[in-house]
Amino acid sequence: MARVPSYPKTTALVSRALGLPPEALAAGFVAATPAELTQLVALRRQVIGDALTWDDARYLGWRYDLGSPGRGGGECWVVKRGDEVLAMLGSERIRVRHQGRAVDGLSVMDIAVRPEFDGVGLGVWMAMHLCERVDCVLAIGSNANSRALVTRVFERLPDRRSYAHLFEFGPTLSRRWHSGVRAPVVGALAGWGMALWRGSVALTRTRSLRIEPLARFDAGIDALVSASRSGAEIAVDRDAHFQNWRLMENPRSAYTVWAAREGAELVGWIAVRAKASEDGKQVMVIEDMLARADDRGAAVLTALLCRCFKQARALGCERITVIACHPQNERVLRRLGFFAHRADAETLSVRCRDDVLNAAIAAGVPWHLTGANTDRDD
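Below you will find a few notes about this structure. (Residues numbered from 1 in each chain as written. Predicted model: local features only at pLDDT ≥ 70, side-chain atom pairs only at ≥ 80, totals over all residues. Heavy atoms only, no water.)

At a minimum axis separation of 10 Å, helix H3 (residues 37-48) and helix H4 (residues 56-63) run at an interaxial angle of 115°. Here H4 runs roughly perpendicular to H3, going by the angle between their axes. H4 is crossed by H3, and the crossing has right-handed handedness. Residues Leu-37, Leu-40, Val-41 and Arg-44 of H3 pack against Asp-56, Ala-57, Tyr-59 and Leu-60 of H4. Here the residues of the contact of H3 with H4 sort into six nonpolar, no polar and two charged. (Axes fitted to C-alpha atoms, helices over the stretch in contact; angles between N-to-C directions. Helix = DSSP H or I, 4+ residues; strand = E, 2+ residues; numbered from the N terminus. Parallel < 35°, antiparallel > 145°, perpendicular 65-115°, else oblique. Left-handed = near helix turned anticlockwise from the far one by under 90°. Contact = heavy atoms within 4.5 Å. Nonpolar A, V, L, I, M, F, W, Y, C, P; charged D, E, K, R; others polar.)

Side chains bearing opposite charge may pair, as long as their charged atoms lie close to each other. As enumerated under the stated definition, the model contains 26 salt bridges in all. Across the pair Arg-44 and Asp-110 runs a salt bridge whose closest N-O atoms are separated by 3.2 Å. Highlighted residues: Arg-44 in helix H3 and Asp-110 in strand S4 (residues 101-113), separated in sequence by 66 residues. Of the two residues, Arg-44 and Asp-110, neither departs from the other in class, the shared state being buried. With a closest N to O distance of 3.4 Å, Arg-81 and Glu-84 form a salt bridge. Taken together, the salt bridges that share partners define one network made up of Arg-81, Glu-84, Arg-114 and Glu-116. (Salt bridge = Lys/Arg side-chain N within 4 Å of Asp/Glu carboxyl O. Buried < 20%, exposed > 50% of the residue type's maximum accessible area, 1.4 Å probe, protein only.)

Looking now at the sheet that holds strand S8 (residues 210-213). Working definition: the strands of a sheet are paired by backbone hydrogen bonds and lie parallel or antiparallel to each other. Taken in spatial order, the seven strands line up as S8-S10-S11-S12-S13-S7-S14 in an open sheet, and their pairing is mixed. Strands at the two margins of the open sheet, each flanked by one partner only, are S8 and strand S14 (339-341). Here the average twist between neighbouring strands, direction ignored, is 30°. The pairing of strand S11 (residues 265-276) with strand S12 (residues 282-291) spans nine bridges and is classified as antiparallel. By the bridge assignment for S12, Val-272 is matched with Ile-286. The strands touched by helix H11 (residues 295-314) are strand S7 (161-166), S8, strand S10 (256-262), S11, S12 and strand S13 (319-324); relative to S11, the strand with the most contacts, the crossing angle is about 30°. (Pairing = 2+ DSSP bridges.)

Here the structure, examined in full by the defined rule, presents three cavities of 30 Å³ or more. Size it by volume and the largest cavity reaches roughly 90 Å³. In the lining of the largest cavity, the residues fall into four nonpolar, three polar and four charged. (1 Å grid on protein atoms, 1.4 Å probe; cavity = no way out; pocket = protein on both sides within 12 Å on 5 of 7 lines; lining within 4 Å. Points joined across faces, edges and corners; volume = space filled by probe spheres on them.)

The space that makes up the second largest pocket amounts to roughly 380 Å³. As for the second largest pocket, its lining consists of 14 residues, of which Arg-93, Ile-94, Asp-237, Asp-239 and Phe-242 are closest to the centre. At the level of secondary structure, the elements contributing two or more residues to the lining of the second largest pocket comprise strand S3 (84-98) and helix H10 (240-248). Element by element, the count of residues in the lining of the second largest pocket is highest for S3, at four residues. Within the lining of the second largest pocket, the residues separate by chemical class into four nonpolar, four polar and six charged.

Take the packing of H11 against helix H12 (residues 327-335) next. For any two helices packed against each other, one specifies the inter-axial angle together with the distance between the axes. One way to put it is that H11 packs onto H12 with a least axis distance of 10 Å and a crossing angle of 50°. Taken together, H11 and H12 sit at an angle that is classed as oblique. H11 and H12 meet at a crossing whose hand is right-handed. Where H11 abuts H12, its residues Gly-297, Ala-298, Leu-301, Thr-302 and Leu-305 lie against Gln-328, Asn-329, Val-332, Leu-333 and Arg-335. Its residues assigned to classes, the contact of H11 with H12 shows five nonpolar, four polar and one charged.

Turning our eyes to something else, we now look at H3. Taking 1.5 Å of rise per residue, 12 residues should cover 16 Å, and H3 covers 16 Å from first to last C-alpha, within 8% of that figure. Every buried residue of H3 is listed here: Leu-40, Leu-43 and Arg-44. All buried residues of H3 lie within an arc of 95° about the axis, which places them on one face of the element. Turning to H3, the residues buried within the fold contact H4, strand S2 (76-81), S3 and S4. At the exit of H3 stands Gly-49, carrying a positive phi of roughly 75°. (Expected span 1.5 Å × (residues − 1). Arc of directions from axis to C-beta.)

Applying the stated rule across the entire model yields nine aromatic pairs. Here the aromatic rings of Phe-217 and Trp-269 are separated by 4.9 Å at their centres, their planes lie at 75°, and the arrangement is edge-to-face. In this pair, Phe-217 is assigned in the loop between S8 and helix H9 (221-227) and Trp-269 in strand S11, connecting sequence segments 52 residues apart. By relative accessible area, Phe-217 is classed as buried at 6%. Take Trp-269: its relative accessible area is 0%, and that puts it in the buried class. Above the plane of the ring of Trp-258 lies Arg-307, whose end atom (NZ or CZ) is 4.0 Å from the centre. (Phe/Tyr/Trp six-rings, centres within 6.5 Å; stacked < 30°, edge-to-face > 60°. Lys NZ or Arg CZ within 6 Å of the ring centre and 35° of its normal.)

Below, the discussion takes up unusual backbone geometry. Even without a glycine there, the phi angle at Leu-66 is positive, about 50°. Topologically, Leu-66 is positioned in the loop between H4 and S2. One non-glycine residue, Gln-99, lies in the positive phi region at around 50°. Relative to the helices and strands, Gln-99 is located in the loop between S3 and S4.

Given below as structure tokens:
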């Protein structure tokens with residue numbers, strides 16, 4: 001396990017910095033309610049700055065319970081000093097499953113501390129205090145602000161992988177070669193070759209599959225979710241309620257969900273969205289995908305990805321991107337021309353007090369996670 005700071009020592013240091021007794025600090029760590037919403041939005045505006053371009057009050061009301069149990073996906077925890085909100089830490093309720101055992105836990109996100117309290121350890125203390133309450137806490141992903149906190153509090157696991165499939169190679173080659181001389185020619189040849197490859201894959205896909213839009217998830221997904229578990233993996237549970245909340249009701253991102261069916265049976269799905277990237281190019285993002293954990297599942301994922309290729313081309317996307325953390329999914333992605341590239345934000349970390357699950361984690365059992373297990377909507 002990673003070496004972590006002492007919780008009592010951190011509590012004493014943070015309490016002293018804030019001018020609060022340790023018991024007052026702990027008592028001020030509470031679940032946010034609508035009464036704190038205005039302060040939460042102002043705090044996030046301070047921390048996120050101009051990058052906060054969405055209706056944040058609506059987003060927070062969707063993501064967190066805010067006094068109405070079950071309305072969101074979890075609690076938004078705040079540290080209060082009197083009526084002042086000094087910091088916040090978001091959490092999503094999760095159930096981590098391995099070989100039939102389920103461990104209830106939380107996934108942390110949305111860490112924000114008022115700028116005048118940067119450096120006193122308040123963010124670290126919030127994460128540690130939450131870890132004292134539950135058996136398993138995940139930190140999925142990180143950024144420049146949270147990376148040091150995650151490293152101090154959690155055990156770092158192998159990173160998730162970022163993959164990309166290119167439709168237009170020229171811009172990428174120009175950026176890498178710092179020259180526009182060879183890039184157009186080589187890019188055109190590479191694009192032509194990849195188009196032929198996509199066409200050949202589409203011709204060989206399973207013809208018994210029907211790919212169609214999915215408007216809502218229902219309890220019928222339970223059989224597929226069960227069949228998607230290989231046993232040799234650690235997965236975060238999902239059900240129809242979570243899928244609808246995460247993908248269909250999300251106020252920040254509009255997803256298209258494609259379902260794969262054989263007859264009336266749901267055998268797989270994939271959720272995508274189109275967005276403009278930082279370089280101004282149109283990009284398709286695969287946020288979620290699921291199929292059986294066998295060769296039949298690999299064929300289903302192939303068919304779903306072929307449908308995404310068609311949609312991406314119709315929308316004029318330069319590339320498709322996906323974060324993957326699942327051996328079967330990644331094999332299919334590589335076979336279809338996706339290549340892995342480094343992304344510093346795609347970390348995975350854990351703090352777990354369940355002995356059986358800890359043993360599996362220590363043994364290097366692979367995880368099954370998708371982009372839907374994070375809060376990277378935009």
